[in-house]
Amino acid sequence: MPQHAQNTRVCRDCDGFPTVAITTGTRHADGTRATLRVTCPTCKGTGHTAPASVLVRAGR
């Protein structure tokens with residue numbers, strides 16, 4: 001019997017790439033580029049969204 005992996009939902013805002021490095025255009029004294037690491041605020045760096053059963057419903 002084949003084993004199937006669970007389908008985890010990919011974050012719709014970052015498409016599964018939760019952390020990116022953005023270059024600032026400046027260089028350090030040793031010649032390397034200065035970069036900023038930015039994480040997706042929606043999935044908080046996991047790359048996946050919560051399943052529907054975990055989400056909280058508001059309203060009626």
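Everything in this summary refers to the structure shown in the same document. (Residues numbered from 1 in each chain as written. Predicted model: local features only at pLDDT ≥ 70, side-chain atom pairs only at ≥ 80, totals over all residues. Heavy atoms only, no water.)

Let us look at a nonpolar patch on the surface. A contiguous nonpolar patch, built from Val20, Ile22, Leu36 and Val38 and spanning about 310 Å² of accessible area, is present on the exposed surface. Of all the secondary structure elements, the ones that give two or more residues to the nonpolar patch are strand E1 (19–27) and strand E2 (33–39). In this fold, isoleucine 22 is placed in strand E1. With relative accessibility at 41%, the residue isoleucine 22 sits in the partly exposed group. (Patch = residues over 30% accessible without salt bridge, like charges linked within 9 Å, V, L, I, M, F, W, Y side chains within 5 Å. Areas by Shrake-Rupley, 256 points an atom, 1.4 Å probe, with all protein chains shown as cover. Salt bridge = Lys/Arg side-chain N within 4 Å of Asp/Glu carboxyl O. Helix = DSSP H or I, 4+ residues; strand = E, 2+ residues; numbered from the N terminus. Buried < 20%, exposed > 50% of the residue type's maximum accessible area, 1.4 Å probe, protein only.)

Further remarks concern the pairing of E2. Here 6 bridges tie E1 to E2, and the two strands are oriented antiparallel to one another. Looking at the pairing, threonine 23 lines up with threonine 35 of E2. Once E1 ends, the chain turns through 5 residues before running back antiparallel as E2, passing glycine 31 with a positive phi of about 100 degrees. (Pairing = 2+ DSSP bridges.)

Among the secondary structure elements, arginine 27 is positioned in strand E1. Each residue touching arginine 27, except ones within four places of it in the same chain, is listed here: Thr32, Arg33 and Ala34. A polar contact is formed between the side chain of arginine 27 and the backbone oxygen of glycine 31, at a distance of 2.9 Å. (Contact = heavy atoms within 4.5 Å. Polar contact = N/O pair within 3.5 Å; in protein donor to acceptor, adjacent residues only side chain to side chain.)

A separate point is unusual backbone geometry. A positive phi angle, close to 55 degrees, is found at aspartate 15, a residue other than glycine. With respect to the helices and strands, aspartate 15 occurs in the segment before E1. By relative accessible area, aspartate 15 is classed as exposed at 55%. Of note in this structure, lysine 44 is not a glycine but carries a positive phi near 60 degrees.

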